[in-house]
Amino acid sequence: MSAGSERGAAAAPAGLPAPCASKVELRLSCRHLLDRDPLTKSDPSVALLQQAQGQWVQVGRTEVVRSSLHPVFSKVFTVDYYFEEVQRLRFEVYDTHGPSGFSCQEDDFLGGMECTLGQIVAQKKVTRPLLLKFGRNAGKSTITVIAEDISGNNGYVELSFRARKLDDKDLFSKSDPFLELFRVNDDQGLQLVYRTEVVKNNLNPVWEPFKVSLSSLCSCEETRPLKCLVWDYDSRGKHDFIGEFTTTFEEMQKVFREGQAQWDCVNPKYKQKRRSYKNSGAVVLADLKFHRVYSFLDYIMGGCQIHFTVAIDFTASNGDPRNSCSLHYINPYQPNEYLKALVSVGEICQDYDSDKRFSALGFGARIPPKYEGVRGGRAHPLPPTGIQGVVEAYQNCLPRVQLYGPTNVAPIISKVARVAAAEEHTGEASQYYILLILTDGVVTDMADTREAIVRASRLPMSIIIVGVGNADFTDMQVLDGDDGVLRSPRGEPALRDIVQFVPFRELKNASPAALAKCVLAEVPKQVVEYYSHRGLAPRGLDIPAGEVSPGCTP
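Conventions and cut-offs
- Residues numbered from 1 in each chain as written.
- Predicted model: local features only at pLDDT ≥ 70, side-chain atom pairs only at ≥ 80, totals over all residues.
- Heavy atoms only, no water.
- UniProt positions renumbered as here; feature names shortened; annotations may be inferred.
- Helix = DSSP H or I, 4+ residues; strand = E, 2+ residues; numbered from the N terminus.
- Buried < 20%, exposed > 50% of the residue type's maximum accessible area, 1.4 Å probe, protein only.
- Contact = heavy atoms within 4.5 Å.
- Pairing = 2+ DSSP bridges.
- Axes fitted to C-alpha atoms, helices over the stretch in contact; angles between N-to-C directions.
- pLDDT = per-residue confidence, 0-100.
- Polar contact = N/O pair within 3.5 Å; in protein donor to acceptor, adjacent residues only side chain to side chain.
- Parallel < 35°, antiparallel > 145°, perpendicular 65-115°, else oblique.
- Left-handed = near helix turned anticlockwise from the far one by under 90°.
- Nonpolar A, V, L, I, M, F, W, Y, C, P; charged D, E, K, R; others polar.
- Core = buried A, V, L, I, M, F, W, Y, C linked by side-chain atoms within 4.5 Å.
- Domains from an automatic or database assignment.

An unreviewed UniProt entry lists the protein under the name Copine 7, with Macaca mulatta as the source organism. According to the UniProt record, the Sequence similarities (unreviewed entry) comment for the protein is "Belongs to the copine family."

Enquirer: Any chance you could explain the overall build of the protein here in plain terms?
Expert: Across its full length, the protein carries 11 helices and 25 strands. Relative to its full complement of 554 residues, the protein shows a buried share of 51%. Across the protein, the fraction of contacts at a sequence separation of at least 24, relative to all contacts at a separation of at least 6, is 72%.

Enquirer: Mind showing me how you'd approach the sheet that holds strand β11 (residues 190-195) here?
Expert: Strands pair in a sheet through their backbones, by hydrogen bonds, and they do so in one of two ways: parallel or antiparallel. One open sheet holds the four strands; their spatial order is β11-β10-β13-β14, and the pairing between them is antiparallel. At either margin of the open sheet sits one strand with a lone partner, and together these are β11 and β14 (240-248). For this sheet, the mean inter-axis angle between neighbouring strands, taken without regard to orientation, is 25°. Here strand β10 (residues 177-184) pairs with strand β13 (residues 225-232) via seven bridges, running antiparallel. What sits directly across from Phe182, in β13, is Lys227. The strands touched by helix α3 (residues 249-257) within the sheet are β13 and β14, with β14 carrying the most contacts at an inclination of about 85°.

Enquirer: Hey, could you run me through the confidence of the model for the protein in this one?
Expert: Interpretation of this model should avoid reading the predicted coordinates in detail wherever pLDDT is low. Averaged over the protein, the pLDDT score is 85; the fraction of residues at 70 or greater is 88%. Low confidence marks residues 1-20, where pLDDT is under 50. Its contacts with residues over four positions away, or in another chain, come to 40 contacts. Note that residues 375-382 has pLDDT below 50 and, in this model, 18 contacts with residues that lie over four places away or in other chains.

Enquirer: Explain the side chain of Ser141 to me, please; I cannot follow it from the model alone.
Expert: The topology assignment puts Ser141 in strand β8 (residues 137-149). Residue Ser141 is classed as buried on the basis of its relative accessible area, which comes to 1%. Looking at Ser141, its side chain comes within polar contact range of the main-chain oxygen of His32, at 2.7 Å. Looking at Ser141, its side chain comes within polar contact range of the main-chain oxygen of Ala138, at 2.8 Å. Discounting chain neighbours no more than four positions away, the residues touching Ser141 are Arg31, His32, Leu33, Leu34, Arg128, Pro129 and Leu130.

Enquirer: Just to check I follow, could you spell out the packing of helix α6 (residues 337-349) against helix α10 (residues 512-520) for this structure?
Expert: For any two helices packed against each other, one specifies the inter-axial angle together with the distance between the axes. At a minimum axis distance of 9 Å, the contact between α6 and α10 shows a crossing angle of 70°. Considering the angle they form, α6 stands roughly perpendicular to α10. The way α6 lies across α10 gives a crossing that is right-handed. Taking contact as the criterion, the partners of Lys340, Ala341, Ser344, Val345, Ile348 and Cys349 in α6 are, on α10, Pro512, Leu515, Ala516, Val519 and Leu520.

Enquirer: When you look at the packing of helix α8 (residues 410-424) against helix α9 (residues 446-456) in this model, what are you seeing that I'm missing?
Expert: Between α8 and α9, whose axes approach to 8 Å, the crossing angle comes to 20°. When the interaxial angle is binned, α8 and α9 end up roughly parallel. Pair α8 / α9 crosses with left-handed handedness. On α9, the residues that touch Ala410, Ile413 and Ser414 of α8 are Asp448, Thr449, Ala452, Ile453, Arg455 and Ala456. In the contact of α8 with α9, the residues fall into five nonpolar, two polar and two charged.

Enquirer: Whenever I open this one, the nonpolar core confuses me. Can you help?
Expert: Where a protein is soluble and globular, its nonpolar side chains tend to be buried together. Within the largest apolar cluster, 84 residues are counted, with the highest numbers of intra-cluster contacts made by Leu26, Phe91 and Phe308. Counting residues per element, this core draws most heavily on α6, which supplies seven residues. Structurally, this core is a two-domain feature, drawing no fewer than three residues from each of domain 1 (22-149) and domain 3 (297-534). In this structure Leu26 touches Lys75, Val76, Phe77, Val79, Leu89, Phe91, Leu117, Ile120, Val145, Ile146 and Ala147, once residues within four positions along its chain are discounted.

If you want it as C-alpha cells, here you go:
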C-alpha cells in the first residue's frame, strides 16, 4: 500500500519500472599491517569471501599493493544487498608472493575480519582489528571497509515541452505536431523514451507534461546524449519530419535554471541545401522537475536507526513451561518456536541499531509477588543488550511468572507507538521502530488492536506478528493489509500497510534465514513509504523527499 505526499510525488508514479535490487560498492584499506618480508615491506592484497550455505566462497580479490603496510586498494567490490538476510562477509589479508590478483599457497596470512553486510551498510564505514588464527590480534593491524549505495534508483523527471513557429507541412491546414524523445545508447542506437500526443492544426503546440524515470531517460547518466525529433502527424503513418535537436539532461537542468531552455528545431537537409536557413521553429522546455525517490539503503546509510522490540505471549494456552508439550518448554538441545522466531528476526535487526539495547515485553502473565495480571506489555527493567540478552531475559522470567491471559496486544502496540510518536516530532529520518509480537492464538482484543494499528500506521513503525503453535489463525489475517486496507472499528483506514502476519508452522522446517526473509521482506518498503509520505529525505540531504526546486538535482 503506497502513500503519496501533499508535497509532491513521493513514490515512483504508476507505470515506471520498479527499482532493481540494491547494489553496494565496498572499498578497502588497511593500516599497520604485519611486515612478513625480511628485506622489504609486505605486498598486501585482500580476498573477499561470502558465506553461502555454511561455506565460505571467494567473491574476488583486490590488486596487490607493492611494499606497503598501509595500503589503499583501488579494486571495488560490488555486492547485492538484502535487508531481510544475514549476509556474512570475511576479509582475508595476505602478503602476496604469486602473480597479481591470484591466490598462492605461499602467500603469508596477515589477518582476517568477519562481519555482516548489514553492519557495514548501517555504519557506512567500518574499521576493525585484523585477527590471526585462534583469535589473536595481528599487532595493531586494522582493515577499513567503506560502503556506497550504487543502486541507481535516482527518481524520476517531470518534463513539459512546447514549440514556437514550427514549419507548416500541410497544404490546406496547419501542421499537427508531436514530439519524440530518444536516449542515445552506447552503440549509438536510439531508444525511444517518450512520444507526446498530437496537437492538431497548431504551429505553436503545447504538449502535456509527462513523467519518466531517470533510468529510462538517460540510464542515470546525466551527460548521456538525448535526441528530440518533431513530426507532423499523418494518419497513414507517413509523418513529415519537421526538425530535431540534441541535448543532455545535464544541459536541460542548466538552461532551465538560467531561463534559456530553448533549442532550434533543425532539419539537416534544409540546412545543407539553403544557405539562409536558420531553423524550422523552436522547442521550449516549459517545465522541469526532478523528483528524487529515496531507497531504504539511502535512509539506513543516512544514519536511520532501526529499533527492535519483541513482545512474547505468556498466556496459559501455551501450556506449563515445565511440560515438554508446552510451546514455552526450554529444551537444551532444540530451541522452541518462540526462540527460533525471536533469534532469526532479531539477528538481522540488531545490525541496524547502534546501541543494540532491545526492549523485551511480555503480555498475558501474572507477575510476582502478588501475581496480579497486567493490561499491557511489561518491559524488562533494563533493556537487554543484543539478541542474546533478550533470549536470556525470556528464559530467566519463565519460571518466575504465572501464565494466565487474556491475549491482549493493543496495549503493547500503543506502548511502542508512544515512543515512535515522540520520534515523529523530530522532523528527521533518524529512528524507525519494529515491533515483533509472538503469540500462540488469535488476539482477544481485536477491535482495540485494529484501532491501535490504524493509529500506528501514521508513525515510524512496523509490526510483525508470528503465530506459533497449531491454532487457527484465520482471523489474524485481517490485520495484514495484503487483502485490502485495514480499518478501525470506526471505519478509519490505515495510512500504510504496516503489519506482516506469518504462521510459524508454514516455515517450521525452513532455515532461520528463510523465516527472517519471509518476515522482514516488507520492512524496507514500509520504511520508505513512511518517510516519503512525511517528505523527509535521508539525514545529511537538504531537499525533502519528493520536493525539488525546478530544474535542480537533489
